[in-house]
Amino acid sequence: MNIKKILETLSPNERKILPYLDEKIENICKKSNLDKTSVLRALRYLENKKIIKSFIQEKKIIDVGVNGAFYRKKGLPERRLFDILDKKRILNFQEAKKEASLNDDELKVSIGILKRKDLIEIKKDKIISKGKKGEIYRKMPEESFIEALPLDYDSLNQEQISTLKDLKKRKEIIDIKTKKIIKIEITNLGKEVIKQNLKPGDLIEQITPDIIKKELWKKKKFRRYNLTLPVPKIYGGKKHFVNQAIEYAKKIWLEMGFKEMTGDLIVSSFWNFDALFTPQDHPAREMQDTFFIPILDKRDTPIEKKIIRAVQKAHEKGVAGSKGWQYKWDEDKSKKLILRTHTTCISSQTLTKLKEIPAKFFAIGKCFRNETLDWSHGFEFNQTEGIVVDENANFRHLLGYLKQFFKKMGFEKIRFSPAYFPYTEPSVEISTWHPEKKKWLEIGGAGIFRPEVTIPLFGKNIPVLAWGPGFDRILMDYYKINDIRELYKNDLNFLREVKFWMK
Amino acid sequence: MAIISINKKLFEKEISKLDENIQDKIAIFGTPIEKIDENEVQLEIFPNRPDMLPYQGFKRAFLGFLGKKRGIKKYKLQKPKKDYLVKVDSSVKNIRPYTACAIVKGLNLNEQKINEIIEMQEKLHLTFGRKRERFAIGIYPLDKIKIPITFKALEPDKIKFIPLGANKEMSGLEILQKHPIGKEYAHLLAGKEKFPIFIDSNGEILSMPPIINSKKIGEITPDTHDIFIECSGFDFLILNKCLNIIVTAVADMGGKIQQMRVHGDKKRILPDLTPEKMKINLQNVNKLLGLQLKEKNLKNLLEKMGYNYKKGTVEVPAWRVDVLHEVDLIEDVAIAYGYDNFVPEIPKVSTIGQENPKEIIKRKISEILNGLKMIEVSNYHLITEKDISKMEIKNKKEFIEVKDSKTDYKILRPNLTFCLLKVLSENIDVGFPQNIFEIGKVFFLKNEKITERESLAVAITGNFTEIRQILEHLFRMTSLTIKIKEPESEIPKHFIDGRTIEITLNQNSMKKESKEKSIGFLGEIHPKILKNWKIKTPVSLFEISLEEILQELADYQR
């Protein structure tokens, strides 16, 4: 960048401190009338622009400690003891402590020091002054040292270093701090810039209404921004990522001409199992697989008697040439409430209300199974349901709708294989090819409703294509999530950062 | 889910090499491969095909699918000799009314074959037999038994024999109380005054179904050549099928089937492997599958699946349990045709798509809140006891609990406030402000009636004014009128009194008889509750019932 452009990038603060760059930071602050943070920030920007180079120097600074500060005011213990002795000449230990107001430690230390300086002697537990008059007024080197603090370690002379060594041994008289000092060196480019002698107001900063109205920009230049510096993150509001995917799946079905069905999560076993020709001793109806709700259903819309009887007949004796399951069907068992185990219970209800055909319906919703929680299992999962009720519907259409849906969901390669569900025949298992794991993953079932389902519910044997593949595995693939629990974890960091469903 | 494992060497010797092509065939046949390694291949058998639970049964079916065998496999049945008889005593009538029995002779057993028999017996018990609730199977060494055999019921203390896995004689009751298998299945005989037994002409007990066989005469060994097989239970049709599955599988291991007379409510000669007849209509097949098969194609495909076909009539093997209706045959035609050979097609049928009106409104509410930088969260519908204790709720009468949950999550959420506070408590280290909302179902009992309804809750790490701004913005953006007022009813415990308002909706605004309906509360959360959740910042929140709003707005749409 040429110097002209560089000049245009300088912010007001950078420009303010430019003339004082050869001074200490404190002085830069004072002279530019900026606080230290602003000065430091401005220096960093100047350095980014190669106008200065900065170095950090470490400096040891010697200062008084907690006790040192106290002694500086009150005198060192040995000084206080010696002053008393100068008057009294002789003292026992108790008197010495009291008169010089010393504690045991201080007394001990003071005696040691004064003895080493040959100013006192101890005889029969008495302290006796050996000092001559006049000597007491001479300052000890420790005293001069403490008075002179703070000092730069590098500036100490030989004598001071040895005094420091002595004092360091004593409790908290001395405190040594390491101070970081920023040294600034102005580069050649910097010298050029300083020469230009810029005034802080030469460039336009924020565009103000005045600038627009009075066209002040005509006479000035816009300060250039440092365009590539990182900016702080912000987060937008967004839909839960699972719901974003669901919305897309809904769109696919809507575009194919499907009507949306919705339904309760608490349903009777009748809609979830019996209406779907699932015999009452079927393992799926056991407590260990299904969440039962041990409360009597007193909701306002009872199931039509006609339908109950027709379902009973299908189970016990069969309909339209079917042999049925040939057992005694128990109406009470069908009344047990559960959390729906599949969205197919919405389809079974829709069939009873259906008036016009051909008709196509879909639903996407939560289903439940009594499972423990781990990385691949959960007690809640999403399913996408669909039915096509059409006199001319056939097995190839079933595969056609599914193939189209999964293609739009991003699965080019899918496989259909035989499966078993009590309510469909033929039945299909849908698998998608996982290119990374290099294997087929089962994602759910489909089929054509058996006459034992359609006749009791719809009153007529008509092909009903039906499917209900799980949705969560598709989602996990898209979002590269390996643990199914992540779908419901609500980690706000994750929710803020997670990518939008871009389909 | 039933998994069978087959020795890989045996598979390759008797069926086919296990290359990739054949692995695909196995999957497309409807027996997905669960696992395959150098020793064994594990297959899933769907519950409608118990005839494939024995290895021999799978082999029979799969060889057909591969085109190596066609039509119903024939088994020779030898007529019953005079004393080949099982008498069903009237004492079992109300206890365990039926049995189906047969004899298979001339077996050359070894450890591997015995394991195969035990494996098949266990798999049948577990799945088709619903853990022995429907039926139990017993297999015995014929040479240790003196026929005829009687099936009868005795008082538990009069039943005495050494059961398998024990060393001393035990009574019927002792077996249920002390024997590990007895304890496991005791519930199946609970409350019965008499227990059923099979007993031979020497007065030796063979077994006490559905619990356990005798150690002395109820265990087959490599020295056994002839076996007696019985299935006992409650539904003769099922017992008969079960017997056919076992008998044919054992015959395929190299035995000859010997019929027996079973004299109970009826005099029967078993096994009876006469195929059942069922009509199939070529037109129906082609219509349902979207194919244009000719009769000879149909015959060919049916024969691959182990049926016989002649002029619109299908003979169904006596071991198939799943053929209830023509559609079951059609599925097998589809499997034989190969699911991968069907050309998927979308028919040109015009229907109009339609999103549910209430779902549209939920989506719009979500968009309005997204515009206020709110993040949608999504929680489980079940909550834990611990969650409830944090809300300091004593009266749990309105809560709905599910039965026997395998996790701590066992109560249906009565509101979304729980869930939002939980989310905030799990995110105390995440950057502020935190603005979240959830739309979803809540559940509670109202006048003993189960109530399930849509709810909306919004929570922010902010104050009363800020949360009110959100509420009011939301409703300004819709065509609905809400009013806020000092609460008339008791406010929810988690709010601060004096900083909480009640929200009412002007209902039926489209009609004349409009009225005010309370739909929820808004306020600042009490610090006591925040502390329970370990939340360190103030939180304000509102939760409203969406049902009335959805109804009202859906009315508008029309």
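Residues numbered from 1 in each chain as written. Chains lettered and ligands numbered in written order. Predicted model: local features only at pLDDT ≥ 70, side-chain atom pairs only at ≥ 80, totals over all residues. Heavy atoms only, no water.

## Observations regarding the overall build of chain B
Argument step 1. A count of helices and strands for chain B gives 16 helices and 29 strands.
Argument step 2. For 558 residues, the compact-globule estimate of 2.2 N^0.38 gives 24 Å, and chain B exceeds it by more than 25% at 34 Å.
Argument step 3. Projected onto the principal axes, the alpha-carbon positions of chain B cover approximately 95 × 65 × 50 Å.
Argument step 4. Counting over 558 residues, chain B shows a buried share of 58%. (Helix = DSSP H or I, 4+ residues; strand = E, 2+ residues; numbered from the N terminus. Rg over C-alpha atoms; globule rule 2.2 N^0.38 Å. Buried < 20%, exposed > 50% of the residue type's maximum accessible area, 1.4 Å probe, protein only.)

## Thoughts on the environment of Ala 363 of chain A
Residues and elements named next belong to chain A.
Argument step 1. Of note, Ala 363 is situated in strand β13 (residues 359-368).
Argument step 2. Using a relative accessible area of 0% as the deciding quantity, one classes Ala 363 as buried.
Argument step 3. When the C-alpha atoms of Ala 363 and Lys 259 are compared, they prove to be 8.4 Å apart, with 104 residues separating the residues in sequence.
Argument step 4. Excluding residues within four positions of it along the chain, Ala 363 makes contact with Met 261, Ile 346, Gln 383, Thr 384 and Glu 385. (Contact = heavy atoms within 4.5 Å.)

## A short note on empty space enclosed by the protein
Residue and element names in this part refer to chain B.
Argument step 1. Applying the stated criterion across every chain, the model contains four cavities of 30 Å³ or more.
Argument step 2. Here the largest cavity is characterised by a volume of approximately 120 Å³.
Argument step 3. Along its surface, the largest cavity is lined by 16 residues, and Phe 29, Gly 30, Phe 46, Arg 49 and Ile 335 are the ones closest to its centre.
Argument step 4. Looking at the lining of the largest cavity, its residues break down into nine nonpolar, three polar and four charged.
Argument step 5. Estimates place the volume of the second largest cavity at around 50 Å³. (1 Å grid on protein atoms, 1.4 Å probe; cavity = no way out; pocket = protein on both sides within 12 Å on 5 of 7 lines; lining within 4 Å. Points joined across faces, edges and corners; volume = space filled by probe spheres on them. Nonpolar A, V, L, I, M, F, W, Y, C, P; charged D, E, K, R; others polar.)

## Quick look at the environment of Thr 341 of chain A
Residue and element names in this part refer to chain A.
Argument step 1. In this structure, Thr 341 sits in the loop between β12 (337-339) and α17 (344-353).
Argument step 2. Separated by 118 residues in sequence, Thr 341 and Arg 223 place their C-alpha atoms 65 Å apart.
Argument step 3. Those residues within four positions of Thr 341 in sequence are excluded, and the remaining contacts are Asn 272, Phe 273, Thr 290, Cys 367, Phe 368 and Phe 381.
Argument step 4. A distance of 2.8 Å separates a polar atom in the side chain of Thr 341 from a polar atom in the side chain of Asn 272. (Polar contact = N/O pair within 3.5 Å; in protein donor to acceptor, adjacent residues only side chain to side chain.)

## What to know about a nonpolar patch on the surface
Argument step 1. The grouping of Ile 207, Ile 212, Trp 217 and Phe 222 of chain A at the surface amounts to a nonpolar patch, some 420 Å² of accessible area in total.
Argument step 2. Locating Ile 212 of chain A in the fold gives a position in helix α12 (residues 209-213). (Patch = residues over 30% accessible without salt bridge, like charges linked within 9 Å, V, L, I, M, F, W, Y side chains within 5 Å. Areas by Shrake-Rupley, 256 points an atom, 1.4 Å probe, with all protein chains shown as cover. Salt bridge = Lys/Arg side-chain N within 4 Å of Asp/Glu carboxyl O.)

## Some thoughts on the sheet that holds strand β2 (residues 33-36) of chain B
Residues and elements named next belong to chain B.
Argument step 1. Taken in spatial order, the three strands line up as β1-β3-β2 in an open sheet, and their pairing is antiparallel. The open sheet terminates on both sides in strands that have one partner only, identified here as β1 (2-7) and β2. Here the strands of the sheet are splayed against their neighbours by 20° on average, with no regard to which way each runs.
Argument step 2. Summarising the sheet, β1 and strand β3 (residues 40-45) pair through six bridges and their orientation is antiparallel. (Pairing = 2+ DSSP bridges. Axes fitted to C-alpha atoms, helices over the stretch in contact; angles between N-to-C directions.)

## Description of the confidence of the model for chain B
Low pLDDT means the predicted coordinates in that region are not meant to be read closely.
Argument step 1. Averaged over all residues, the pLDDT of chain B is 94; the fraction at 70 or higher stands at 99%.
Argument step 2. Quick note on the complex model: pTM equals 0.84, ipTM equals 0.93. (pLDDT = per-residue confidence, 0-100.)

## Overview of helix α15 (residues 305-316) of chain A
Because each turn of an α-helix spans 3.6 residues, side chains separated by three or four positions end up pointing in the same direction.
All names here are of chain A.
Argument step 1. Here α15 contains twelve residues, and its C-alpha end-to-end distance of 16 Å stays within 8% of the 16 Å for a straight helix at 1.5 Å per residue.
Argument step 2. Within α15, the full set of buried residues consists of Ile 307, Ile 308, Val 311, Gln 312, Ala 314, His 315 and Glu 316.
Argument step 3. Immediately beyond the C-terminal end of α15, within one or two residues, lies Gly 318, with a positive phi of roughly 90°. (Expected span 1.5 Å × (residues − 1).)

## Concerning the pairing of strand β5 (residues 85-88) of chain B
All names here are of chain B.
Argument step 1. The pairing of β5 with strand β16 (residues 260-263) spans three bridges and is classified as parallel. Across the sheet, residue Lys 87 finds its bridge partner in β16, namely His 263.
Argument step 2. Here β5 runs beside strand β8 (residues 149-154); their pairing, made up of three bridges, is parallel. Bridging from a neighbouring strand, Val 86 pairs with Ile 149 of β8.

## Section: the sheet that holds strand β9 (residues 259-260) of chain A
Residue and element names in this part refer to chain A.
Argument step 1. The mixed open sheet is built from seven strands, whose spatial order is β9-β13-β14-β18-β17-β16-β15. Each of the sheet's edge strands pairs with one partner strand only, and the pair in question is β9 and β15 (414-418).
Argument step 2. Bridge count for strand β16 (residues 424-434) against strand β17 (residues 439-449) is nine bridges, and the pairing is antiparallel. Across the sheet, residue Thr 424 finds its bridge partner in β17, namely Phe 449.

## A few points about the interface of chain B and chain A
Argument step 1. On the side of chain A, 95 residues touch chain B, which itself brings 81 residues to the contact.
Argument step 2. A buried area of about 7,800 Å², summed over both sides, lies between chain B and chain A, and 58% of it is on carbon and sulfur atoms.
Argument step 3. Counting the contacts that link chain B with chain A gives nine salt bridges.
Argument step 4. Residue Arg 130 of chain B pairs with Asp 281 of chain A through a salt bridge whose shortest N-O separation is 3.3 Å.
Argument step 5. Listing elements by their share of the side of chain B that touches chain A, those giving two or more residues are α2 (20-29), α8 (282-289), α10 (326-337), α11 (357-371), β21 (375-376), β24 (435-446) and β25 (449-460) of chain B. (Buried area = accessible area lost by both parts, 1.4 Å probe.)

## Observations concerning the packing of aromatic side chains
Argument step 1. Under the counting rule described, the total for this entry stands at 41 aromatic pairs over all chains.
Argument step 2. Ring geometry for Trp 253 of chain A and Phe 258 of chain A: centres 5.1 Å apart, planes at 55°, overall tilted.
Argument step 3. A relative accessible area of 0% places Trp 253 of chain A in the buried class.
Argument step 4. By relative accessible area, which is 0% here, Phe 258 of chain A ends up buried.
Argument step 5. An aromatic cluster of at least three residues, connected via ring pairs, comprises Trp 253, Phe 258, Tyr 401, Phe 405, Phe 406, Phe 411 and Trp 467 of chain A.
Argument step 6. Residue placement shows Lys 336 of chain A over the ring face of Phe 292 of chain A; its charged tip is 5.9 Å from the ring centre.
Argument step 7. Here the basic side chain of Lys 304 of chain B rests over the ring of Phe 65 of chain B, its NZ or CZ set 5.7 Å away from the ring centre. (Phe/Tyr/Trp six-rings, centres within 6.5 Å; stacked < 30°, edge-to-face > 60°. Lys NZ or Arg CZ within 6 Å of the ring centre and 35° of its normal.)

## Points about unusual backbone geometry
Outside of glycine, negative phi angles account for most residues, and trans bonds account for most peptide bonds.
All names here are of chain A.
Argument step 1. The residue after Leu 149, namely Pro 150, is reached through a cis peptide bond having omega 0°.
Argument step 2. Along the chain, Pro 150 turns up in the loop between α9 (141-148) and β5 (151-152).
Argument step 3. The step from Ile 357 to Pro 358 runs through a cis peptide bond, and the omega angle for that step is 0°.
Argument step 4. For Ser 101, which is not glycine, the phi dihedral falls at a positive 40°.
Argument step 5. Relative to the helices and strands, Ser 101 is located in the loop between α7 (93-100) and α8 (104-116).
Argument step 6. A positive phi angle is found at Glu 215, which is not glycine, with a value near 50°.

## Some remarks on the domain arrangement of chain B
You'll often see interface size given as the accessible area lost when the parts meet.
Argument step 1. Structurally, chain B comprises domain 1 (2-65), domain 2 (77-270), domain 3 (279-310 + 323-341) and domain 4 (357-557).
Argument step 2. Taking only C-alpha atoms, the centre of domain 2 of chain B and the centre of domain 4 of chain B are 61 Å apart. (Domains from an automatic or database assignment.)

## Overview of the side chain of Lys 422 of chain B
Residues and elements named next belong to chain B.
Argument step 1. As for its placement among the helices and strands, Lys 422 is situated in helix α13 (residues 417-425).
Argument step 2. On the basis of relative accessibility, which here comes to 17%, the residue Lys 422 falls in the buried class.
Argument step 3. With residues near it in sequence (within four places) discarded, Lys 422 still touches Asp 387, Tyr 409 and Trp 533.

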